[in-house]
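Listed here are the chains, written in short residue letters.
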Amino acid sequence: MTGPAGERVNAPTLEVVGAGPSGLSAALAARAAGARATVYEKRPDVGMRFHGDFQGLENWTSDTDVLDELAGVGIDANFDCRPVYEFVCFDPGGRAHGVRSGRPIFYLVRRGSDAGTLDQGLKAQALQAGVEIHFSERRRRLEAGGIVAEGPHRADAIAAGYQFETDMADGCYGAMSEALAPGGYSYLLVDRGRGTIATCMFADFHNERQYVERTVAFFRRTVGLQWRDPRRFGGSGNFHRVATASVGDHLYVGEAPGFQDGLFGFGLRYALLSGYLAGRGGGSPEAYDRAWRARLAGLNAVSLVNRRLFEVLGDRGRRFVIRRAVAGGDPRVLLQRIYAPAAWKLAVARWLPSRPLLGHADPVQGCECTWCRCHRDATASAPERRRSGA
Ligand SMILES: Cc1cc2nc3c(=O)[nH]c(=O)nc-3n(C[C@H](O)[C@H](O)[C@H](O)COP(=O)(O)OP(=O)(O)OC[C@H]3O[C@@H](n4cnc5c(N)ncnc54)[C@H](O)[C@@H]3O)c2cc1C
């Protein structure tokens, strides 16, 4: 027997902390499995960690198109979403390389609280499915267990830049250089009169502003960046090997346990899939454990080994690799190869550090910086605390 919204009468309620992509995906999966779902979100609406900035939903870690994979787990692309087949990559020597694929390399989506964002699309689907969302309600505990989808707890990398309006033609550009983005890359994304420019850094966070301004100057010089009404934005991400994603009857999804792409920070696909895997099992830790290990653990491990390799290469090595890679053809195929679960990478990854799961951590009151470790855990080593200035 089912209730008005399709749930089984007396169906258990799955509680979820956080209405980001991972939390909403978990709630949608729980509803599809016949359970009730209640989501608690500490802010007044979805997407408020973001500012209308563009993000890329990557389409290279599996052969299945990411939108087909999402459709298969019950998530529709009811948000603004543009396939990107080509982009321009600047190597550390400043040389531009145009790359093109026969299939979308990634899909451009917007994050934030405005109409058309990924966040509002997921919210609409969740409400339509009968998920209850309680806004402006911060949860510190889930008495009966449930799903923790709180987003990143600490900053292993940051992205900072500007969101703006522009008359520039649509285009996607990336630049790899230690002078613009230590350990990472800078990007400029323009679509239908809106633009996002940012530097994604893995070190030297204290000099964030300097790298952002260098990135702006770089894209002004190379592609004629123009903007109106620039607004600053920034955020952080967690990167480490996920050894466990549940504590008792609390299941951690998305960035909360560290599901992220260690190489470039494309965490969205992890968030949506880990949420689905936790939600469809109705909150069972055993089912979730089996599912994320099968679908996400190898990817997480390989991406972290890729990061180590990227760091070892430095600017000179990256310039060499990019020049060789561009000559090698389709960038999507190349990325697929880089992210493939090679046995040697999986073996090396076992030696990479993992971290314990954190309890519900609060940011330091009043702190708005993107680089500090307000969400730092008490278990960070002394050298780690000194490096972060915590
Ligand atoms: C600037 C920037 C650019 C990025 N670009 C890309 C990109 O191009 N491609 C890509 O794939 N990924 C990108 N990422 C990463 C991607 O945004 C994240 O991996 C993804 O948002 C993680 O989703 P999540 O649901 O785990 O967490 P979040 O999106 O952070 O959602 C967590 C939610 O939980 C709420 N919350 C937290 N604590 C509580 C509490 N105690 N009670 C109630 N609610 C709570 C928060 O308010 C938030 O709404 C980027 C990240 C940043 C910061």
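Residues numbered from 1 in each chain as written. Predicted model: local features only at pLDDT ≥ 70, side-chain atom pairs only at ≥ 80, totals over all residues.

### Considerations on the overall build of the protein
Applicable threshold: The helix count covers DSSP runs of H or I at least four residues long, the strand count covers runs of E at least two residues long, and both are numbered beginning at the N terminus. Counts of 20 or more other C-beta atoms within 10 Å of a residue's own C-beta define buried residues, counts of 12 or fewer define exposed ones, and intermediate counts define partly exposed ones; C-beta atoms are placed from the backbone. Think of it this way: build a C-beta for each residue from its backbone, and any pair within 7 Å is a contact.
Secondary structure assignment for the protein yields 9 helices and 16 strands. Classification of the 390 residues of the protein by burial places 47% in the buried group. The contacts in the protein between residues at least 6 apart in sequence include a share of 72% that link residues at least 24 apart.

### Looking at the packing of helix 6 (residues 285–327) against helix 7 (residues 331–339)
For any two helices packed against each other, the geometry is given by the interaxial angle and the distance between the axes. Put simply, the test is: Helix axes use the C-alpha atoms of the stretch in contact, all axes being lines fitted to C-alpha atoms, and the angles between their N-to-C directions lie in the range 0 to 180 degrees. Working rule for angles: under 35 degrees goes down as roughly parallel, over 145 as roughly antiparallel, 65 to 115 as roughly perpendicular, anything else as oblique. In the scheme used here, Gly and all other residues not listed as nonpolar or charged are polar, with Ala, Val, Leu, Ile, Met, Phe, Trp, Tyr, Cys and Pro taken as nonpolar and Asp, Glu, Lys and Arg as charged.
Where helix 6 contacts helix 7, the two axes come as close as 10 Å, and the packing angle between them is 130 degrees. Here helix 6 lies oblique to helix 7, going by the angle between them. Contacts between helix 6 and helix 7 involve Leu299, Val302, Ser303, Asn306 and Ala325 from the first element and Leu334, Ile338 and Tyr339 from the second. The residue makeup of the contact of helix 6 with helix 7, split by class, is 6 nonpolar, 2 polar and no charged.

### Quick look at the site of the ligand
Test applied: Using a C-beta atom placed from the backbone, a residue is described as near a molecule or strand when that atom lies within 6 Å of it.
Gly20, Gly151, Gly235, Gly254 and Gly267 are the nearest of the 33 residues found near the ligand. Residues of the shell around the ligand, tallied by class, amount to 10 nonpolar, 14 polar and 9 charged.

### Re the sheet that holds strand 7 (residues 106–110)
Selection criterion: Two strands form a pair only when DSSP identifies at least two bridges running between them.
Reading across the sheet, the 3 strands line up as 3-7-4 and stay open at both edges, with antiparallel pairing between neighbours. What marks the edges here is a single partner per strand, and that holds for strand 3 (54–58) and strand 4 (81–84). In this sheet, adjacent strand axes meet at a mean angle of 30 degrees when their direction is disregarded. Inspection of the sheet shows strand 3 paired to strand 7 by 5 bridges, in the antiparallel sense. Counted as the bridge partner of Phe54 is Arg110 from strand 7.

### Describing the sheet that holds strand 11 (residues 171–175)
Working definition: the strands of a sheet are paired by backbone hydrogen bonds and lie parallel or antiparallel to each other. Pairing in this open sheet of 7 strands is mixed, and the strands run 6-5-11-12-13-10-14 from one edge to the other. One side of each edge strand has no neighbouring strand; the edge strands of this open sheet are strand 6 (96–100) and strand 14 (228–237). If you compare each strand with its neighbour and ignore which way they point, the axes differ by 20 degrees on average. The strands touched by helix 4 (residues 208–223) are strand 5 (86–90), strand 6, strand 10 (157–165), strand 11, strand 12 (185–191) and strand 13 (194–201); relative to strand 13, the strand with the most contacts, the crossing angle is about 130 degrees.

### Concerning unusual backbone geometry
Residues other than glycine predominantly adopt negative phi, and peptide bonds predominantly adopt the trans conformation. We note that Arg192 has phi near 45 degrees; this positive angle belongs to a residue other than glycine. Tracing the backbone shows Arg192 in the loop between strand 12 and strand 13.

### Section: the pairing of strand 11
Burial of strand 11 is extensive: 4 of the 5 residues sit out of reach of the surface. Two strands pair when backbone bridges link them, and strand 5 and strand 11 are joined in this way by 3 bridges, in the parallel orientation. Paired with Phe90 across the two strands is Ala175, which belongs to strand 11. As paired strands, strand 11 and strand 12 are joined by 5 bridges and run antiparallel to one another. Within strand 12, the residue paired with Gly171 across the bridge is Val190.

### Structural notes on the nonpolar core
What counts is decided by this rule: A set of buried Ala, Val, Leu, Ile, Met, Phe, Trp, Tyr and Cys residues, joined through C-beta atoms within 7 Å, is what we mean by a nonpolar core.
Of all hydrophobic cores here, the largest spans 99 residues; its most connected members are Val16, Ala26, Ala27, Val39 and Ile147. If near-sequence neighbours (up to four positions away) are discounted, Ala27 is found in contact with Val16, Ala37, Val39, Ala126, Val131 and Gly279.

### Details of the environment of Phe87
Looking at where Phe87 falls in the secondary structure, it is placed in strand 5. Overall, Phe87 belongs to the buried group, with 21 C-beta atoms counted inside 10 Å. The spatial distance from the C-alpha of Phe87 to the C-alpha of Gly98 is 6.0 Å, given a sequence separation of 11 residues. Apart from residues lying up to four places away in sequence, Phe87 is in contact with Val99, Cys172, Tyr173 and Gly174.

### A word on helix 4
Our working definition: Given the number of residues in a helix, its expected span is that number minus one, multiplied by 1.5 Å. Taking the helix axis as origin, the arc is that swept by the directions to the C-beta atoms.
With 16 residues, helix 4 ought to run about 22 Å at 1.5 Å a step, and its terminal C-alpha atoms sit 22 Å apart, in line with that. Among the residues of helix 4, Tyr211, Val212, Thr215, Val216, Phe218 and Phe219 are the ones counted as buried. Angularly, the buried residues of helix 4 cover 160 degrees about the axis, an arc narrow enough to put them on a single face. Facing away from the buried side of helix 4 by over 90 degrees, the exposed positions are Arg209, Gln210, Glu213, Ala217 and Arg221.

### Digging into the packing of helix 1 (residues 21–32) against helix 3 (residues 118–128)
Definition in use: Helix crossings get a hand from a simple test, with the near helix turned counterclockwise from the far one by less than a right angle marking a left-handed crossing and a clockwise turn marking a right-handed one.
Close contact between helix 1 and helix 3 brings their axes to 10 Å; oriented N to C, the two are set at 20 degrees. Classed by the angle they form, the pair helix 1 and helix 3 counts as roughly parallel. Along this stretch, helix 1 crosses helix 3, giving a crossing that reads as left-handed. Facing Pro21, Leu24, Ala27 and Leu28 of helix 1, the residues of helix 3 in contact are Leu118, Leu122, Lys123, Gln125 and Ala126. Split by residue class, the contact of helix 1 with helix 3 holds 7 nonpolar, 1 polar and 1 charged.

### With respect to the pairing of strand 3
Across the 5 residues that make up strand 3, a large majority, 5, are buried. Side chains Phe54, Gly56 and Glu58 project from strand 3 onto one buried face, and the interleaved Gln55 and Leu57 project onto a second face that is buried too.

### Focus on the confidence of the model for the protein
A low pLDDT score tells you not to read the predicted coordinates there in detail. So the rule is basically this: For every residue, the predictor reports its confidence as pLDDT, a number between 0 and 100.
Confidence along the protein averages 89 in pLDDT terms, with 88% of residues attaining 70 or more. Between residues 360–390, whose pLDDT stays under 50, and residues either more than four places distant or in other chains, the model counts 36 contacts.

### Focus on helix 7
Since one α-helical turn is 3.6 residues long, residues separated by three or four positions face the same way. Regarding helix 7, the residues found buried are Pro331, Arg332, Leu335 and Tyr339. Viewed end-on, helix 7 has its buried residues packed into an arc of 100 degrees, placing them on one side of the element. Lining the buried residues of helix 7 we find strand 6 and helix 6.

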